[in-house]
Amino acid sequence: MQKISYHRVEEENAGERLDIFLVKENPDLSRSHIQRLIAEQQVTVNGEPARSSYRVKPGDEVVLKIPLPRELEVVPENIPLDIYYEDGDVVVVNKPRGMVVHPAEGNYSGTLVNALLYHCRDLSGVNGVMRPGIVHRLDKDTSGLIMVAKNDFTHLELARQLKDRRVTRRYTALAHGNFKEDRGTVDAPIGRHPRDRQRMAVVSRGGRHAVTHYMVKERFGQYTLLELKLETGRTHQIRVHMAYLGHPLVGDLKYGPARPHFGLQGQFLHAATLGFHHPRREEYLEFTAPLPGELADILVRLRQG
């Protein structure tokens, strides 16, 4: 479903950029939205796609197609889950590599939330219909343990523990290069990359406080196996901080080499240990999940030389 609007360029608009012309004609749309539609070839001039920088001429016929918002409905799906713990308040799941945590543009099915809705009768509603129960997230290609709240009380309490840094989160990662020190801390703010809005970066202005502790577990010459502990939980934090040190994660095509090593598609990063205080009993719970087979096999190859 889409809305189609037609515009004819008059003399008074001659020479204007196409995106600026369309913003004037469609004041309810932002310029960035218009530019995105142009890039997606949802705009034609005289029947042909055009660039945002095109200068319109009198008599040009401009057609703008605006896709209507998709009705958001998250459907329960019978997807197997590797559950490490579950009670009436919380469930701890070992998420596989390649699984998106919650539905979003381009991923409305096959997510962890779709699977949870099938498995659980109730999930918290704090984060809305698209992210029920999700207290914290893991990237699509990051495997490992994630805690999910079944009710709003639990969600708010676990979120408070995260904010107060009472949640234990230890990751296993394989990074490029050989670290000089056996352990260290990266304390560097993270924000949107100034030139590539699809990436995060260590920034001097406007970033959010981010701290990552790392410890060398094993050295392989060109690669180093690390254990990392998060103090904060920023988007892509470990990946950005390791790239900032000059040691991007193996398989991380966004922040590391363009050529995948070991044929790995997606970063070698696993949320190995998760610990928190039960929201009602105050009992400390901690869980550890082994590396998935694909990542464990890489270490076997490296150890064999």
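Predicted model only: the values in this text are computed from it and were never measured.

On to helix α6 (residues 293–303), then. In an α-helix there are 3.6 residues to a turn, and that puts residues three or four apart on one side. Along α6, the positions that sit buried rather than exposed are Leu 295, Ile 298, Leu 299 and Leu 302. Each buried residue of α6 sits inside an arc of 95° when the element is viewed along its axis, so together they form one side. Buried residues along α6 sit against β7 (143–149), β8 (168–176), β13 (223–230) and β14 (269–277). Phi turns positive, to about 80°, at Gly 305, one or two residues after α6.

As a further point, take the layout of surface pockets. Within this model, the largest pocket holds a volume of roughly 1,700 Å³. What lines the largest pocket is a set of 50 residues, and nearest its centre among them are Arg 137, Asp 139, Arg 234, Thr 235 and His 236. Counting only elements with at least two residues in the lining of the largest pocket, the list comes to α4 (152–163), β8, β10 (190–192) and α5 (237–244). At 5 residues, α4 tops the list of elements feeding residues into the lining of the largest pocket.

With 32 residues, the main nonpolar core has Leu 116, Tyr 171, Leu 226, Leu 228, Ile 238 and Met 242 as its most contacted residues. Looking at this core, the elements that each hand over two or more residues are β6 (90–95), α3 (112–119), β7, β8, β12 (211–219), β13, α5 and β14. Excluding its chain neighbours within four sequence positions, the residues that come into contact with Leu 226 are Tyr 171, Thr 172, Ala 173, Ala 175, Phe 179, Tyr 214, Met 215, Val 216, Lys 217 and Met 242.

Before going further, it helps to spend a moment on the sheet that holds strand β4 (residues 61–67). Overall, antiparallel pairing links the 4 strands, which are arranged β1-β4-β2-β3 in an open sheet. Either end of the sheet is taken by a strand with one partner, and the two such strands are β1 (2–8) and β3 (48–49). Looking at chain direction, strand β2 (residues 43–45) and β4 are connected through 3 bridges and run antiparallel. Across the sheet, Thr 44 pairs through a bridge with Val 63, a residue of β4. Where helix α2 (residues 31–39) meets the sheet, its contacts fall on β2 and β4, and the angle it forms with β4 comes to roughly 100°.

Cut-offs used in this document
- Residues numbered from 1 in each chain as written.
- Predicted model: local features only at pLDDT ≥ 70, side-chain atom pairs only at ≥ 80, totals over all residues.
- Heavy atoms only, no water.
- Buried < 20%, exposed > 50% of the residue type's maximum accessible area, 1.4 Å probe, protein only.
- Helix = DSSP H or I, 4+ residues; strand = E, 2+ residues; numbered from the N terminus.
- Arc of directions from axis to C-beta.
- Contact = heavy atoms within 4.5 Å.
- 1 Å grid on protein atoms, 1.4 Å probe; cavity = no way out; pocket = protein on both sides within 12 Å on 5 of 7 lines; lining within 4 Å.
- Points joined across faces, edges and corners; volume = space filled by probe spheres on them.
- Core = buried A, V, L, I, M, F, W, Y, C linked by side-chain atoms within 4.5 Å.
- Pairing = 2+ DSSP bridges.
- Axes fitted to C-alpha atoms, helices over the stretch in contact; angles between N-to-C directions.

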